[in-house]
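Results of the structural survey
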Amino acid sequence: MYALVDCNNFYVSCERVFAPHLEGRPVVVLSNNDGCLIARSQEAKDLGLKMGEPYHLVKPLLEQHRVKVFSSNYGLYGDMSRRVVQVLSSFTSEVEVYSIDEAFLNFSGLKWLTKGEDLLRYGQRVRQTVLRDTSIPTCVGIAPTKTLAKLANRRARLHGTNGVLLLETPAQWEAALADVSVDTIWGVGRRYARKLLDMGIDTGLRLANMPEHWLRRHMGGVVGQRLWRELHGQPCLEWNPAEWDDEDQLHPAHASRRSVTCTRSFGRPQHDAAALSEAVATFTAKAAEKLRRHGVAAHLVTVILGTDRFAPGTEPKTHTAVVSLSASSSDTTRLAQAALLGLQRLRRPGTAYSRAGVLFSGLEPEGQGQLGLFSAPAANQQRSQQLMQTLDGLNARFGRQLVRLAAQGTARNAAGQVQPPAWAGRSAHRSPLYTTGWNELWEVR
């Protein structure tokens, strides 16, 4: 049996943890650069606010109904997600983090943990413990497969018992499948949904009642066959558990990702070469941290520059340059050199750029890469690894990006704090980093 635990309106819930007076009041969270709505409380949804609506278009409605607006605060959300997963790990030895607000639990050895407790009550205890320890509300769906657990989770809030829904028998999951549209089934994308609806297969149950060979033929071969079996209670999807290290840091147990990226929109268009260099160096440093965290190194560095997509003109709005490394690396200094070289190739004097980013690809396990003919000696590579370990250790202990490359900018204000760069995105409504910033810790009076 599998359980899917989903945090309700996660970004909004994180903000309410430190502002409990907002319970019952409409709240929205904006995307990077305060562009559009990416999270809404139930009260905001009831006002008719839609996901992805541009902030500047709905601002009058938000002000009319006194909706509380927050800029996205990913440092806070990431740390709260880590805390939720840490609580979930106390209920089973196998947790798969599916997204920042969702995680699968493997209950295959549950009989040794529940002490006679049934699945429904155990799921309720999971939900209650997460709420008690983190103040984040969740819904829990439990079923024999991941696909059915996803279905149970979607229906748990309205059809479950205290936010928990158990689909244990064929009769239970068939009744749930009969009550949902086929396009809401996990694994049925938009293209297949249109195809199925055109063929009169409009519910999940009708899809499940089709022969197994039919799904194999019409829905991508073995992918469709796996979906059919998942809908019939036969687990087919692979399990990718997360792991905790000795410092309670969460890491994926697999390094199957094909690329690592960091991109941002600017608060205002940038012409200046120095500002663009600072931005690209900063994005490179953040993406390099991800490489090291996942234990991989990159062969290719792609630099991305974008102009305003809504500006008049017919030329391409996004420009890229690829720099190939002689040997894969996760060293911030080496990657930054390559990224800045790509920036030099891309930048056109006088052109205003509204966004930038870097993408690392050609990934391979750290320390197992193919060496080039002119690669640095082993001693130099070892010093590079030690330097990056020290860099990551200092930033983990004293604050992210406290120690950084000079290319990322060194301007400081009168208090000695690093000034926000000229390219920084708009975040006029950001809440403090209550749990990860020394200067912004929550104060209890």
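See above for the structure.
The structure presented is a predicted model; accordingly, all values stated were derived computationally and were not measured. (Residues numbered from 1 in each chain as written. Predicted model: local features only at pLDDT ≥ 70, side-chain atom pairs only at ≥ 80, totals over all residues. Heavy atoms only, no water.)

Applying the stated criterion to the full structure yields 13 aromatic pairs. Arranged with centres 4.4 Å apart and planes meeting at 15°, the rings of Phe-18 and Tyr-434 form a pair that is stacked. Of this pair, Phe-18 sits in the loop between helix 1 (10-17) and strand 2 (27-30) while Tyr-434 sits in the segment after helix 14 (378-398), and the two are 416 residues apart along the sequence. Each member of the pair, Phe-18 together with Tyr-434, is buried. When the ring centre of Phe-104 is taken as origin, the NZ or CZ atom of Lys-146, which lies over that ring, is 5.2 Å away. (Phe/Tyr/Trp six-rings, centres within 6.5 Å; stacked < 30°, edge-to-face > 60°. Helix = DSSP H or I, 4+ residues; strand = E, 2+ residues; numbered from the N terminus. Buried < 20%, exposed > 50% of the residue type's maximum accessible area, 1.4 Å probe, protein only. Lys NZ or Arg CZ within 6 Å of the ring centre and 35° of its normal.)

Relative to the assigned elements, Asn-73 resides in the loop between strand 4 (68-70) and helix 4 (74-88). Not counting chain neighbours up to four residues away, the residues in contact with Asn-73 comprise Glu-15, Arg-430, Ser-431, Pro-432 and Leu-433. (Contact = heavy atoms within 4.5 Å.)

This brings us to the sheet that holds strand 7 (residues 138-143). Strands sit in the order 5-6-1-7-8 across an open sheet of five strands; the sheet is mixed. Only two strands of the sheet have a single partner each, and these edge strands are strand 5 (95-99) and strand 8 (164-166). This sheet shows a mean twist of 15° between the axes of neighbouring strands, independent of strand direction. Strand contacts of helix 4: strand 1 (2-7), strand 5 and strand 6 (102-106), with the helix running at about 150° to strand 5, the strand carrying the most contacts. (Pairing = 2+ DSSP bridges. Axes fitted to C-alpha atoms, helices over the stretch in contact; angles between N-to-C directions.)

Counting 37 residues, the largest nonpolar core has Phe-10, Met-80, Leu-88, Leu-105 and Ile-136 as the members making the most contacts within it. For this core, the secondary-structure elements that each account for two or more residues are strand 1, helix 1, strand 2, helix 4, strand 6, helix 5 (119-134), strand 7 and strand 8. Ranked by residue count, the leading element in this core is helix 4, at seven residues. Non-local contacts of Leu-105, meaning those with residues more than four positions away in its chain, are made with Met-1, Tyr-2, Ala-3, Val-5, Leu-88, Thr-92, Glu-94, Val-95, Val-126 and Trp-239. Leu-151, Leu-167, Leu-196 and Ile-201 belong to the second-largest nonpolar core, a separate cluster that totals 33 residues. (Core = buried A, V, L, I, M, F, W, Y, C linked by side-chain atoms within 4.5 Å.)

With 21 residues, helix 12 (residues 273-293) ought to run about 30 Å at 1.5 Å a step, and its terminal C-alpha atoms sit 30 Å apart, in line with that. Its side-chain oxygen 3.3 Å from the backbone nitrogen of Ala-274, Asp-272 forms the N-cap of helix 12. Among the residues trailing helix 12, Gly-295 stands out with phi positive, at a value near 70°. (Expected span 1.5 Å × (residues − 1). Polar contact = N/O pair within 3.5 Å; in protein donor to acceptor, adjacent residues only side chain to side chain.)

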